[in-house]
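# Chains, contacts and geometry: an overview
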4 protein chains.
Amino acid sequence: MAQNSEQSLLILQRLLADGDAEALRERHRPRLPEEQPLPPRFRHSAAKTPEAIEARRTILREQGIAIDQLCGSDDRMDPETLEGNIENYVGLAQVPVGIVGPLRVNGAFASGDFYVPMATTEGALVASYQRGAQVVNQAGGCTASCLTESVIRSPCFVFDRAATAGAFLAQVLQQIDELKQAVESTSRHCRLLNLRPSLLGKELYLILEFFPGDASGQNMVTLATEAVCRTILERNSVTPTRWYIEGNLSGDKKATMLAFLSARGKKTIAECVLPEPLVRRYLHTTPEAMFRYWQISVLGGIQSGSIGVHGHYANALAAIFIACGQDVACVAEASVGATRMDLTDDGELYVSVTLPNVICGTVGGGTHLPTARECLQMLGCVGEGTAPKLAEIIAATVLSGEVSIIGSMSAGDFAQAHASYGRKKKS
Amino acid sequence: MAQNSEQSLLILQRLLADGDAEALRERHRPRLPEEQPLPPRFRHSAAKTPEAIEARRTILREQGIAIDQLCGSDDRMDPETLEGNIENYVGLAQVPVGIVGPLRVNGAFASGDFYVPMATTEGALVASYQRGAQVVNQAGGCTASCLTESVIRSPCFVFDRAATAGAFLAQVLQQIDELKQAVESTSRHCRLLNLRPSLLGKELYLILEFFPGDASGQNMVTLATEAVCRTILERNSVTPTRWYIEGNLSGDKKATMLAFLSARGKKTIAECVLPEPLVRRYLHTTPEAMFRYWQISVLGGIQSGSIGVHGHYANALAAIFIACGQDVACVAEASVGATRMDLTDDGELYVSVTLPNVICGTVGGGTHLPTARECLQMLGCVGEGTAPKLAEIIAATVLSGEVSIIGSMSAGDFAQAHASYGRKKKS
Amino acid sequence: MAQNSEQSLLILQRLLADGDAEALRERHRPRLPEEQPLPPRFRHSAAKTPEAIEARRTILREQGIAIDQLCGSDDRMDPETLEGNIENYVGLAQVPVGIVGPLRVNGAFASGDFYVPMATTEGALVASYQRGAQVVNQAGGCTASCLTESVIRSPCFVFDRAATAGAFLAQVLQQIDELKQAVESTSRHCRLLNLRPSLLGKELYLILEFFPGDASGQNMVTLATEAVCRTILERNSVTPTRWYIEGNLSGDKKATMLAFLSARGKKTIAECVLPEPLVRRYLHTTPEAMFRYWQISVLGGIQSGSIGVHGHYANALAAIFIACGQDVACVAEASVGATRMDLTDDGELYVSVTLPNVICGTVGGGTHLPTARECLQMLGCVGEGTAPKLAEIIAATVLSGEVSIIGSMSAGDFAQAHASYGRKKKS
Amino acid sequence: MAQNSEQSLLILQRLLADGDAEALRERHRPRLPEEQPLPPRFRHSAAKTPEAIEARRTILREQGIAIDQLCGSDDRMDPETLEGNIENYVGLAQVPVGIVGPLRVNGAFASGDFYVPMATTEGALVASYQRGAQVVNQAGGCTASCLTESVIRSPCFVFDRAATAGAFLAQVLQQIDELKQAVESTSRHCRLLNLRPSLLGKELYLILEFFPGDASGQNMVTLATEAVCRTILERNSVTPTRWYIEGNLSGDKKATMLAFLSARGKKTIAECVLPEPLVRRYLHTTPEAMFRYWQISVLGGIQSGSIGVHGHYANALAAIFIACGQDVACVAEASVGATRMDLTDDGELYVSVTLPNVICGTVGGGTHLPTARECLQMLGCVGEGTAPKLAEIIAATVLSGEVSIIGSMSAGDFAQAHASYGRKKKS
């Protein structure tokens, strides 16, 4: 998850842009429900009666949130709006959406009490995140910080020998400014942040890091990469035998150590501190027991050969990605990271989640589709500069899920929860 | 992807169950379109006019496939049918579905020409898979073999010392038959296939492999694991200090080397051989050029620290999982595997995909929801014993996607394809 | 580090072979210095005067240990004894040997107070292990258990199609007994323990696990694998296009997740419990501080993408391997594993090291060379059945090193230790 | 293996320092034996008679190489010279040394025909490398390029919250120049090249990359890191709760993806092109067969979960490290990398090895010990600026080993080679 120092400095300066460190600290400060009351939460979570659904709708309406598209009360979507989204189109798959909320987030970009839409068919999932959100809320909410925004592409240039590749590279490294300009000509938003070469014998891979604006950015960076490559090929006196716009080193659509180490997408951290009484009351266990289980889960993850170590990030990611019109295949790469638990000197439970690869956007892709738009609006993630806000809400939700599942494992009620929520009643 | 020898034998015997090796070879035999014509494919893939959609619907109807739910012509779903699927339910997210098809599969379980529903908002994705399917079809289709069906859970038992853990384990290893019975008492379908201990100091993890029937099976194996643990704890004279139903060694919802090595879910292989003229005609490149790029992608994948090495399995997995009511979070674990290309002595392109961890099911989870049900019916994957068929269709689709993207990278038209399909027209 | 259940049972039965579980527990019991005094340790560890060396020699002699070869007082080795060890021989490299000891081990195979020879040129290394050994001794020594003894080879068979590979495999799986016999015909000691197939498209890899007796066994299993392959090829009615005696899946001479998961070589665990007063006195820190640092080191290891997670196993492995005539290149594969620290309810520090891949032997390779022989004799590791004993002593030494370095990191005196030991004096 | 662009440029400029790109290309040009005859090679490689050894000694003497220390004809070493190398010293372990050579290297730093000392007890090893060297020589030798020289340390700073860590980091990033000065005050040679932060929740790891001069540098960078940390702690207004000089993220003494990706030690590439007649004559196989096996070995390596993919780098590394007084434990981290084979348009075999983590030095550590010194002198690696030369010779030897083993696997004579060289004669 390492950045080089220049980039890191830019990142931190951005975090502090509209104020000083003190202002950021203030945004990150817990807001206890006693001081600042929470908006209402839903009751009877399992109920699917019209009354129950209407009650939820009312609560959301009072918060200024419309769910007409989700409820199907609006007209069906005009397929023509799907231009650029799909081919051989025949209709719409439907995935049920449940709400986790309110979830109090004291983020650098996301500040507020959010109702988070999760599209899933896995029983107990929403209930589990809701339980986590509840204990997080009672502790004053969680912090969240989106540290980076970038997407990687890695074109590859093939030569006859390593030395020729090196001669080519020597020229590329002196063309960085031109490459940056070439990228900016392809899009108003896209910028080339960094170029790192990786030479393996006679094949030269370039790891290009782009800033994608509020888009998740895969298409954008493909076009930008083409511009980079064309510029290089025009300018360079050394010519490769062959070249490819992507050499499969970018970590696109798959879990990789590269992305874990260097951040692909939005690197985001969320954290909270849970006092013992809250852990006892809401999770029926203790900070110490959860900390113990966390160690077991880390050692288990290490033995399994996972990338990073955590509980079930993919559950939140997939559910929010479907609801919010994201590229769901990116769950593969986004679901790596590290959950950290610790005991504070006061016996509280410290919890953080670090997600180096949250690929998400608030423009482009499926974000304009009716139900997706509604879900993004529910989160206040429509309009310029909202992509890091979305990443922070995602991380906060992921945190709630880690708190809940680790609480459940520690308390020993995991199987029971699935038995009661995740099954049809026998009748 | 290794099995032990007893399990492997069982697997192969099952593959051959309704016939001998000769019969399997016959099922795997390519069926050229000249011999056995293909059902019609869609035209004007980008069009979303009512006429275009109706034309697609007509083609499907003639193949006996209804898409009323996808088209929204049926009544809205009764939320009460969502019992066991979701909590805090408010409505339905909609994801556009495009069809890749026909795709000719000559599988051990899946034999036929399939229209594969893919739910996605990523432009060019369906078109790319369609292109791959087309060249695969012209070559007589692809083979597919679902080799294993299993799901892993890994409870953890904590002791004061490694020696105590060892004494506990010695007893467990003599209780295997009782544990198998305990599992069978929890479900008609679930069976304990294998128990492997992993001792790390004083902590004993058990890797339990279950057969989940046609369900994807995560809930089923949670309950089965609880039965295993309870039985062990009752019978065993050595008592652990603590125990957990899941020690995070099972690879649930994340990419792991463990699962890549030992198969979590349905290990499935699909393969085809593409003659040069077809590669030239449909992919505008040559077998040799694709084989060259494959090497570059393998070396790129290795440098990225991915688990296995491939192009973009997650795209097919996510799109089919959403359409077919699967647990989409499992894209995280399912999207590992290995794509193999080779040149035959005749200069044809051999392509295979090996997916050790396809987690899918045809009962349970979201499979009964209206649009999901319709999509599963489209694939003929409703009814007992259809889960491995679904896995094979998924692998065949994944194969088409690898053929297409690697073709595109080799031909140098990847960026162009995204520019033409994946964008709104400027007007 | 998982075994299948049949193998695991065999392993545990062997551990209990000469007694019941109670006897093993007795062997594992700490022996406090107050009850059972330790043999003398060396003083003035940095001194290299003739007197200092002679003093050490005297201590060893009193323990029945000769070091004439190490001291160079014997005749030079006759090069003819190097037959089968080296080609283009010109002479002998010399590596200084320091002694860590006594180190009290209460192992399943290794029981006693050992003087461990370490060949190294890295200043502070021996002193650091010595410090760890000292605190381990004061706590009554460490336990050690060699759980498995196996070496892997992985021949690969190539076919035209996956289905042909499957038909070939179906026959192999019914030939296991013949393959076992074929292996036994190649060596008195070698046995085939397990055969696991791994099918990747049209290529079939077999993971063969052999028991190598007291040898480290790489040559032995190469010949055994050839016998396995020849037998398969003679018996099988399906013929591969090509085959290779090793498909690079065995983890030979490199760190792999496969070996970490399934044990390559001798899987060995060592552990001890250190009371707080000892930690304070010998390591100048506390169990809690060491436990805290352990967490940091685990999270650091995860971020680095290591296989397993630990401090510096390679230091002990390389030093003992050189001293004892082992195959030093195997440090690459042996130096993976997991260090576990925990706090007991009484505030003591629990420490274990789990090494799944200790490749070592007491016959064959370089074990008969004069200085190696002397070092093996120093450890009582000459004669039949001593290989697991050697593995346990190695693990115990590794444990001492982890205790020392983590103590040093926690106390903040790591840099200082290197400054005082690892440098020439400025004069 | 990626560098950032500024560093990469510096690296390339250094490679070109004493000339232009043309001069480097000239240094890399193959020198065929017909044009420039090779110095003599040894005969009767297995013989250990006094005559055979004397014949080898004569050949070396004629090349200006003395091996008195290796032959034991000089006086025994004075133990006092071991100050700073070892504690509890008792004597010297002896490891037989065989010579691989001549090996023609056309490197950026290493240019010449080298006799490479390998200390090992594994029969057939030297013979195998010799075979590889011979075919490389006949093809005009191999190129070699040491691209980077760096060593990593990763101190860790612990805070109460991520935001505090971020505030601390913001200050660190503005102190880079002071940190560079602090480093330079600790050593004449050491320089801080790069600082990359990695924030995981509340814990901040800094990845510090140092230039170590000609030393392998581990001790040097420990002291430099302490200087960096002390400077940060003095200057920074935010204070960590705790800090550690090494957070186990540096990849020290273990194989890691971090180091594979970012180069730890000397990243070095060696390559050669072997015409078919040479492959047939010396390796009894064809370029095509070797290229085929290479694919199998890559797919096997991927399945094994190795870091990078290659045959047996550790064999050369361990043998040269022991002979040349290197830190042998670093074999663990140095033995990762990637071997690349390809067929040229003319049907020749292209082979490269890329080793991102060669940790080696020509001053400090064990390099001054008598036999090590002699071995370094044999390679012309004594004196300032010779460390990259040593890295290139190591990479060239590794290349020879990959050529030989892959040739052997392809020709099917691997087992036979071990049977004839690696065993005692039965008498």
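Residues numbered from 1 in each chain as written. Chains lettered and ligands numbered in written order. Predicted model: local features only at pLDDT ≥ 70, side-chain atom pairs only at ≥ 80, totals over all residues. Heavy atoms only, no water.

## As for the relation of the copies chain A and chain B
As a reminder, the rule being used: Copy-to-copy alignment: least squares on C-alpha atoms, limited to residues at pLDDT 70 or above in both. Pairs of residues are marked as contacts when any of their non-hydrogen atoms sit within 4.5 Å.
Expressed as a screw transformation, the operator carrying chain A onto chain B has a rotation angle of 180° and an axial translation of 0.0 Å, and the superposed copies differ by an RMSD of 0.0 Å. The operation mapping one copy onto its partner corresponds to a two-fold rotation axis. Taken as a fraction of all interface residues of chain A, those also at the interface in chain B reach 100%, which identifies the copy contact as same-surface.

## Section: helix α6 (residues 162–172) of chain B
Since the α-helix advances by 3.6 residues per turn, residues separated by three or four positions end up pointing in the same direction. What counts, and what does not: Think of it in three bands: with a 1.4 Å probe and only protein chains considered, a residue is buried below 20% of the maximum accessible area for its type, exposed above 50%, and partly exposed in between. Strands here mean DSSP runs of E at least two residues long; helices mean DSSP runs of H or I at least four residues long; both are numbered from the N terminus.
Within α6(B), eight of the 11 residues are buried, which leaves the element mostly enclosed by the surrounding structure. Residues Ala162(B), Ala165(B), Gly166(B), Ala167(B), Phe168(B), Leu169(B), Ala170(B) and Val172(B) constitute the buried set of α6(B).

## Brief notes about the packing of helix α5 (residues 125–138) of chain B against helix α10 (residues 276–283) of chain B
Residues and elements named next belong to chain B. Operational definition: To define axes, lines are fitted to C-alpha atoms, for helices over the stretch in contact only, and angles between the resulting N-to-C directions are given on a 0 to 180 degree scale. These descriptions rest on fixed angle ranges, namely under 35 degrees for roughly parallel, over 145 for roughly antiparallel, 65 to 115 for roughly perpendicular, and the rest for oblique. Handedness of a crossing follows from how the near helix is turned relative to the far one, being left-handed for an anticlockwise turn of less than a right angle and right-handed for a clockwise one. Side-chain classes are defined by residue name, with Ala, Val, Leu, Ile, Met, Phe, Trp, Tyr, Cys and Pro counting as nonpolar, Asp, Glu, Lys and Arg as charged, and the others, Gly among them, as polar.
Where α5 contacts α10, the axes come no closer than 10 Å and their chain directions differ by 155°. Judged on the interaxial angle alone, α10 and α5 are roughly antiparallel. When you trace α5 past α10, the crossing you get is right-handed. Here α5 contributes Arg131, Gln134, Val135 and Gln138 to the contact with α10, which in turn contributes Leu278, Tyr282 and Leu283. Tallied by class, residues from the contact of α5 with α10 come to four nonpolar, two polar and one charged.

## Overview of the pattern of salt bridges
Residues and elements named next belong to chain C. We count it as follows: Here a salt bridge means any side-chain nitrogen of Lys or Arg lying within 4 Å of a carboxyl oxygen belonging to Asp or Glu.
Under the definition given, this model contains 80 salt bridges over all chains. Put simply, glutamate 149 and lysine 266 hold a salt bridge, and the shortest N to O gap is 3.8 Å. Separated by 117 residues along the polypeptide, glutamate 149 in the loop between β3 (142–146) and β4 (151–153) and lysine 266 in strand β9 (residues 266–274) bring together distant segments of the chain. The same class applies to glutamate 149 and to lysine 266, which are both buried.

## A closer look at the interface of chain A and chain B
Here is the rule: Between N or O atoms, a polar contact is any pair within 3.5 Å; within protein, one atom must be a potential hydrogen donor and the other a potential acceptor, and residues adjacent in sequence are included only when both atoms are from side chains. Being paired, for any two strands, means DSSP has found at least two bridges between them.
In this complex, chain A contributes 115 residues to the contact, which on the side of chain B involves 115 residues. There are zero salt bridges connecting chain A and chain B. Between the two partners, chain A and chain B, sit 62 residue pairs in polar contact (both at pLDDT 80 or more). At 11 residues, strand β1 (residues 89–107) of chain A tops the list of elements feeding residues into the side of chain A that touches chain B. Taken together, the residues that form the side of chain A that touches chain B break down as 53 nonpolar, 42 polar and 20 charged. As defined by bridge partners, β1(A) adjoins strand β1 (residues 89–107) of chain B across nine bridges and the pair is classed as antiparallel. If you follow Leu92(A) over to β1(B), its bridge partner there is Pro96(B).

## So, the interface of chain A and chain D
Test applied: Simply put, the buried area is the total loss of 1.4 Å probe accessible area from both parts when two parts are fitted together.
The interface of chain A with chain D comprises 47 residues on the first partner and 47 residues on the second. When chain A packs against chain D, close to 3,700 Å² is buried across both sides, 67% of that on carbon and sulfur atoms. For the interface between chain A and chain D, the tally reads four salt bridges. For Asp342(A), the salt bridge goes to Lys202(D), with nearest N and O atoms at 2.8 Å. Here the element with the most residues in the side of chain A that touches chain D is strand β6 (residues 191–200) of chain A; it accounts for seven residues. In the side of chain A that touches chain D, the residues fall into 24 nonpolar, 13 polar and 10 charged.

## So, the relation of the copies chain A and chain D
Rotating chain A by 180° about the axis while translating it 0.0 Å along that axis superimposes it on chain D, leaving an RMSD of 0.0 Å. A shared binding surface is used by both copies, with 100% of the interface residues of chain A retained as interface residues in chain D.

## Thoughts on the packing of aromatic side chains
We apply this condition: Classification of ring pairs rests on two measures: the distance between centres of Phe, Tyr or Trp rings, Trp counted by its six-membered ring, which must be within 6.5 Å, and the angle between planes, read as stacked under 30 degrees, edge-to-face over 60 and tilted in between. Remark: a charge is flagged as sitting over a ring if the NZ atom of Lys or the CZ atom of Arg is within 6 Å of the ring centre and within 35 degrees of the ring normal.
Throughout the structure, instances matching the rule amount to 26 aromatic pairs over all chains. Between Phe42(C) and Tyr115(C), the ring centres sit 5.8 Å apart and the planes meet at 50°, which makes this aromatic pair tilted. Pair noted here: Phe42(C) is in the loop between α2 (21–28) and α3 (50–62) and Tyr115(C) is in strand β2 (residues 111–119), with a separation of 73 residues, a long-range link. For the pair Phe42(C) and Tyr115(C), a shared accessibility class is recorded, and that class is buried. Ring centres of Phe291(C) and Trp294(C) lie 5.9 Å apart, and the angle between their planes is 15°; on these two criteria the pair is classed as stacked. Here Phe291(C) pairs with Trp294(C), and both are found in helix α11 (residues 287–304), just three residues apart, close to one helical turn. Taking relative accessible area as the criterion, Phe291(C) reaches 6% and is therefore assigned buried. The aromatic ring of Tyr350(A) is capped on one face by Lys202(D), whose charged end is 5.1 Å from the ring centroid.

## As for the confidence of the model for chain A
Just so we agree on the cut-off: Known as pLDDT, the predictor's confidence for each residue is given on a scale from 0 to 100.
Predicted confidence across chain A gives a mean pLDDT of 92, with 92% of residues reaching 70 or more. Interface predicted TM-score (ipTM) for the complex: 0.96; the corresponding pTM is 0.96.

## What about the domain arrangement of chain A?
Residue and element names in this part refer to chain A. Note the following rule: For every domain, the bounds stem from an assignment made automatically or drawn from a database.
Looking at the assigned domains, one finds that chain A contains domain 1 (38–94), domain 2 (97–149 + 260–413) and domain 3 (155–244). Measuring from the centre of the C-alpha atoms in domain 2 to the corresponding centre in domain 3 gives 34 Å. Facing the 17 residues of domain 2 at the interface are 10 residues of domain 3. Of the roughly 870 Å² buried where domain 2 meets domain 3, counting both sides, 46% is carbon and sulfur surface. It is Glu149, Ser262 and Val363 that lose the most area in domain 2 upon contact with domain 3, and together they represent 45% of the buried surface on that side. Inspection of the domain 2/domain 3 interface yields zero salt bridges. Taken together, the connections running from domain 2 to domain 3 amount to four residue pairs in polar contact (both at pLDDT 80 or more).

## Things to note about the pairing of strand β9 (residues 266–274) of chain B
Residue and element names in this part refer to chain B. When you tally the buried positions in β9, you get nine out of nine residues, the bulk of the element. Side chains of β9 alternate between two faces, with Lys266, Thr268, Ala270, Cys272 and Leu274 and Lys267, Ile269, Glu271 and Val273 buried alike. For strand β3 (residues 142–146) and β9, the ladder comprises four bridges, and the chain directions are antiparallel. Each bridged residue has a counterpart across the sheet, and for alanine 144 the counterpart in β9 is alanine 270. Where β9 meets strand β12 (residues 349–358), eight bridges bridge the pair, whose relative direction is antiparallel. Bridge pairing in β12 places cysteine 272 opposite valine 351.

## Notes on the environment of Leu204(C)
Residues and elements named next belong to chain C. As for its position among the elements, leucine 204 is in strand β7 (residues 203–211). Separated by 144 residues in sequence, leucine 204 and leucine 60 have C-alpha atoms that sit 53 Å apart. Leucine 204 has contacts with Pro155, Cys156, Phe157, Phe159, Ala165, Phe168, Leu169, Pro197, Ser198 and Leu199, leaving out every residue within four places of it along the chain.

## Observations concerning the packing of helix α7 (residues 176–184) of chain D against helix α8 (residues 218–235) of chain D
Any two packed helices are characterised by the angle at which their axes cross and by the distance between the axes. Residues and elements named next belong to chain D. Packing of α7 against α8 brings their axes to within 8 Å, and their N-to-C directions diverge by 140°. Between α7 and α8, the angle is such that the two are oblique. The way α7 lies across α8 gives a crossing that is right-handed. Mapping the contact onto sequence places Glu178, Leu179, Ala182 and Val183 in α7 and Ala224, Ala227, Val228, Thr231, Ile232 and Arg235 in α8. Taken together, the residues that form the contact of α7 with α8 break down as seven nonpolar, one polar and two charged.

## A short note on the side chain of Ser297(D)
Its place among the elements puts Ser297(D) in helix α11 (residues 287–304). Classification of Ser297(D) as buried rests on a relative accessible area of 8%. A distance of 2.8 Å separates a polar side-chain atom of Ser297(D) from the backbone oxygen of Trp294(D). Residues within four places of Ser297(D) in sequence aside, it is in contact with Gly247(C), Asn248(C) and Val309(D).

## Notes on the pairing of β1(A)
Residues and elements named next belong to chain A. Counting buried residues in β1 gives 19 out of 19 residues, a clear majority hidden from the surface. As defined by bridge partners, β1 adjoins strand β2 (residues 111–119) across eight bridges and the pair is classed as antiparallel. In the sheet register, valine 97 faces β2, and the bridge partner there is alanine 119. Examined bridge by bridge, β1 and strand β3 (residues 142–146) share three bridges and lie parallel to one another. Each residue of the ladder has a partner; that of asparagine 106, found in β3, is threonine 143.

## As for the state of the cysteines
Residues and elements named next belong to chain A. The test is simple: Disulfide: a pair of cysteine sulfur atoms within 2.5 Å of each other.
Throughout the structure, instances matching the rule amount to zero disulfides over all chains. Considering cysteine sulfurs only, cysteine 146 is the nearest to cysteine 360, which forms no disulfide, with 7.4 Å between them. Residue classification places cysteine 360 among the buried residues on the basis of a relative accessible area of 1%.

## Re the side chain of Asn106(B)
Residue and element names in this part refer to chain B. Following the sequence through the fold, asparagine 106 ends up in strand β1. Engagement of the side chain of asparagine 106 in a polar contact is seen with the backbone oxygen of glycine 140, the distance being 2.9 Å. Setting aside residues no more than four positions away along its own chain, asparagine 106 makes contact with Arg27, His28, Arg29, Pro30, Arg31, Gly140, Gly141, Cys142, Thr143 and Ala144.

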